[in-house]
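Understanding the architecture of this molecule
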Amino acid sequence: MVLCKKWTLAKPFIGKVTPDNFKLVKEDIPEKLNDGELLCEAVYLTVDPYMRVGAETGNAVGNTLFGEQIAKVIVSKNAKYPVGSIVRMRAGWRTHTLVKDAEKEISRSAEMGDLPLSLMLGAMGMPGMTAYFGFLELCQPKAGETVVVSGAAGAVGSLVGQIAKIKGCKVIGFAGTEEKCKWIKEELGFDFAYNYKKTDVDTALKEAAPDNSVDCYFDNVGGMFTVKVLTHMKTFGRVSICGSISNYNDTSVPTGPLPFFSILKSQLRVEGFIVLRWYSRWEEGETAMRQWIKEGKIKYKEHVTEGFEKMPDAFMGLFEGRNTGKAIIKM
Ligand SMILES: NC(=O)c1ccc[n+]([C@@H]2O[C@H](COP(=O)([O-])OP(=O)(O)OC[C@H]3O[C@@H](n4cnc5c(N)ncnc54)[C@H](OP(=O)(O)O)[C@@H]3O)[C@@H](O)[C@H]2O)c1
């Protein structure tokens, strides 16, 4: 038997996420497998803001929290995945997984070459594809245009800003600390970086994008911040609604001011998305990201938390802005 630890939902997420939302459960998994089965051990896990919303809508108390992980095959009765193979799968917050149907349970891995495996949960995984497709497809940026990114030092936002620079845009990022702003400006090449906790967004955009000259807005945070950004858009501007993290812990019904008049007045195209809509094209996104990383045009940072026991704490950290770049759990 192998001892598996898993984090389950102890109490539904209502308002702020707290330690009592989580329960650590242990279970034994048999090492004697049937033909076709695998036993996998997690190597890297991920915490992402969507888990907060997803658990609210789709996860029952007692269930293992969901999410992707990179795992190593430790026992195999499947020739396609010999012992030592590295796999990516949506096994959830658990240290060990018995894979009964590898074809269904194991996701396609990205071609990583000599890149670190953990990037399959970041720039070469779901967040990377979110930045690549969510920005390029919906914002359609052109050289010389002005792009605003919120959540700009996070997993997705830091990549969006760099892709915008690659496309020849002027990039304005908003993040929650001076250190994050320094990183995106000095190391990632953003043209402007503002700490939204200290600088009012109107003041910032009057300086960085005067006379309503924002062509594209990639929105990670929603709420009043976004309502304000929309008043600085150029006519026919494009807005990609990726996330709304400023609302995820908020139990109140959002009230006005609502952004519809800004959308009408500037004839904006505003579109929300779920990245899986481009899943059949992920290989294309991975190829571009891999190339840009190799060329040094895309830099990445990982906020690594060591130890499975600390996973809830790392998750809560997302809502406190503790991470710069991608939040990763290392076993
Ligand atoms: N649509 C999709 O398919 C899709 C896919 C992936 C992610 N997303 C969304 O994209 C957004 C970014 O995800 P990510 O994985 O890159 O996370 P992340 O940015 O790496 O981590 C979350 C960050 O959000 C910021 N934040 C937390 N609370 C905030 C608040 N009340 N107001 C403003 N900022 C706040 C914090 O940075 P600061 O220090 O800057 O506040 C924190 O570090 C999330 O909203 C997520 O749900 C959507």
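Residues numbered from 1 in each chain as written. Predicted model: local features only at pLDDT ≥ 70, side-chain atom pairs only at ≥ 80, totals over all residues. Heavy atoms only, no water.

1. Structural notes on the overall build of the protein
Using the following cut-off: The numbering of helices and of strands both runs from the N terminus, where a helix is a DSSP run of H or I of at least 4 residues and a strand a run of E of at least 2. For a compact globule the rule gives 2.2 Å times the number of residues to the power 0.38, and the radius of gyration it is set against comes from C-alpha atoms. Only protein chains enter the area calculation, which uses a 1.4 Å probe; residues under 20% of their type maximum are buried, those over 50% are exposed, and those in between are partly exposed. In what follows, a contact means two residues having at least one pair of non-hydrogen atoms within 4.5 Å. We treat Lys and Arg as the positive residues and Asp and Glu as the negative residues; His and chain ends play no part in the count. For this purpose, a charge sits on NZ of Lys, CZ of Arg, CG of Asp or CD of Glu.
Within the protein one finds eleven helices and 15 strands. Taken against the 2.2 N^0.38 rule, which gives 20 Å for 331 residues, the C-alpha radius of gyration of the protein at 21 Å falls within 12% of a compact globule. In terms of overall dimensions, the protein has a C-alpha envelope of 70 × 45 × 35 Å along the principal axes. The buried share among the 331 residues of the protein stands at 52%. Partitioning the contacts of the protein with sequence separation of at least 6, the portion at a separation of at least 24 is 67%. Taking the 43 positively charged and 39 negatively charged side chains of the protein as two groups, their mean positions are separated by 1 Å.

2. Things to note about the layout of surface pockets
Put simply, the rule is: Points on a 1 Å grid over protein atoms alone make up a cavity when a 1.4 Å probe fits among them but cannot get out, and a pocket when they form an open set with protein on both sides within 12 Å along at least five of seven lines; lining residues each have an atom within 4 Å of a point. Grid points are joined across faces, edges and corners, and a volume is the space filled by probe spheres set on the points. Any residue that is not Ala, Val, Leu, Ile, Met, Phe, Trp, Tyr, Cys, Pro, Asp, Glu, Lys or Arg is counted as polar, Gly included; the first ten are nonpolar and the last four charged.
Of the voids in this model, the second largest pocket is the one considered here, and its volume is about 390 Å³. Lining the second largest pocket are 21 residues, with Gly223, Met224, Val227, Asn247 and Pro254 sitting closest to its centre. When residues of the lining of the second largest pocket are traced back to their parent elements, those giving at least two are helix H7 (223–230) and helix H9 (260–265). If you tally residues by element for the lining of the second largest pocket, the top one is H7, at five residues. When grouped by side-chain class, the residues that make up the lining of the second largest pocket number eleven nonpolar, eight polar and two charged.

3. Examining the nonpolar core
To keep it simple, the criterion reads: We define the nonpolar core as a collection of buried residues of types Ala, Val, Leu, Ile, Met, Phe, Trp, Tyr and Cys that are connected through side-chain atoms lying within 4.5 Å of one another. Domain start and stop positions are those given by an automatic or database domain assignment.
One finds Met124, Tyr132, Phe135, Ile163, Ile184 and Met289 to be the most contacted residues of the largest nonpolar core, which totals 49 residues. Here this core takes nine residues from helix H3 (residues 126–139), the largest share from any one element. Here this core gathers at least three residues from each of two domains, domain 1 (2–122 + 301–330) and domain 2 (126–276). In contact with Ile163, not counting residues within four places along its chain, are Ala131, Tyr132, Phe135, Leu136, Met289, Trp292 and Ile298. Formed by 19 residues, the second largest nonpolar core is a distinct cluster that contains Val47, Leu65, Phe308 and Met316.

4. Description of the environment of Ser262
Mapped onto the elements of the fold, Ser262 is located in helix H9. In the structure, Ser262 is positioned 15 residues away from Asn247 in sequence and 20 Å away in space, judged by C-alpha atoms. If sequence neighbours within four positions are ignored, Ser262 has contacts with Leu230, Thr231 and Leu268.

5. Quick notes on the site of the ligand
Operational definition: We define proximity as follows: a residue is near a molecule or strand when any one of its heavy atoms falls within 4 Å of that partner. Any pair of N or O atoms that falls within 3.5 Å is considered a polar contact. Within protein, one atom must be able to donate a hydrogen and the other to accept it, and sequence-neighbouring residues count only if both atoms are side-chain atoms. Computed by Shrake-Rupley with a 1.4 Å probe, the accessible areas treat only the displayed protein chains as cover when residues are assessed.
Around the ligand lies a shell of 26 residues, among which Val156, Lys180, Tyr196, Tyr248 and Asn323 are the nearest. Within the contact set of the ligand, an oxygen atom lies 2.9 Å away from a backbone nitrogen or oxygen of Asn220. Protein contacts shield 90% of the accessible area of the ligand, which totals 910 Å² for the unbound molecule. Contributions of two or more residues to the shell around the ligand are made by H3, helix H4 (155–166) and helix H8 (245–248).

6. Remarks on the domain arrangement of the protein
Applicable threshold: Summed over both partners, the accessible area (1.4 Å probe) lost when two parts come together is defined as the buried area.
Examined at the domain level, the protein breaks down into domain 1 (2–122 + 301–330) and domain 2 (126–276). The centre of domain 1, based on its C-alpha atoms, is set 30 Å off from the matching centre of domain 2. Taken residue by residue, the interface counts 21 residues in domain 1 and twelve residues in domain 2. Buried surface at the junction of domain 1 and domain 2, both sides included, amounts to about 1300 Å², of which 61% is carbon and sulfur. Sorting the residues of domain 1 by area buried against domain 2 places Lys301, Phe319 and Thr324 first, and these three jointly supply 27% of that buried surface.

7. A few points about empty space enclosed by the protein
If you walk through the whole model with that rule in mind, you get one cavity of 30 Å³ or more. Of the pockets and cavities examined, the largest cavity occupies roughly 80 Å³. Lining the largest cavity we find Leu119, Gly122, Ala123, Ala155, Ser158, Leu159, Lys299, Tyr300, Lys301, Glu302 and Lys326. No other element matches the three residues that H4 contributes to the lining of the largest cavity. Grouping the constituent residues of the lining of the largest cavity by class yields five nonpolar, two polar and four charged. Residue contributions to the lining of the largest cavity reach at least three from each of two domains, namely domain 1 (2–122 + 301–330) and domain 2 (126–276).

8. Overview of the packing of helix H6 (residues 201–208) against H7
The test is simple: Convention adopted: a line fitted to C-alpha atoms gives each axis, helices being fitted over their contacting stretch, and angles between N-to-C directions are expressed from 0 to 180 degrees. Throughout, a crossing is termed right-handed when the near helix is turned clockwise from the far one, and left-handed when it is turned anticlockwise from it by less than a right angle.
At a minimum axis distance of 10 Å, the contact between H6 and H7 shows a crossing angle of 35°. Regarding H6 and H7, the two cross each other, and that crossing is right-handed. Along the contact surface, H6 presents Val201, Asp202 and Leu205, while H7 presents Phe225, Lys228 and Val229. When grouped by side-chain class, the residues that make up the contact of H6 with H7 number four nonpolar, no polar and two charged.

9. A short note on H7
For H7, every residue scored as buried is listed here: Phe225, Thr226, Val227, Val229 and Leu230. Turning to H7, the residues buried within the fold contact strand E8 (146–149), strand E9 (170–175), H6, strand E11 (214–219), strand E12 (233–241) and H9.

10. Notes on a nonpolar patch on the surface
Put simply, the test is: Patches in this entry comprise residues that are over 30% relatively accessible and not in a salt bridge; like charges within 9 Å are linked, as are nonpolar side chains (Val, Leu, Ile, Met, Phe, Trp, Tyr) within 5 Å. Just to be clear on terms, a salt bridge is a Lys or Arg side-chain nitrogen sitting within 4 Å of an Asp or Glu carboxyl oxygen.
Together, Ile274, Leu276 and Tyr279 line one region of the surface with nonpolar side chains, adding up to about 330 Å² of accessible area. In this fold, Leu276 is placed in the loop between strand E13 (269–272) and helix H10 (282–294).

11. Side note on the pattern of salt bridges
All told, the structure shown has 23 salt bridges when counted by the stated rule. Taking the shortest distance from any N to any O, the salt bridge between Arg238 and Glu145 comes out at 2.6 Å. With a gap of 93 residues between them, Arg238 in strand E12 and Glu145 in the loop between H3 and E8 connect regions that are remote in the sequence. According to the relative accessible area criterion, Arg238 is buried, its value standing at 9%. Linked by salt bridges that have partners in common, Lys6, Glu27 and Arg94 make up one network.

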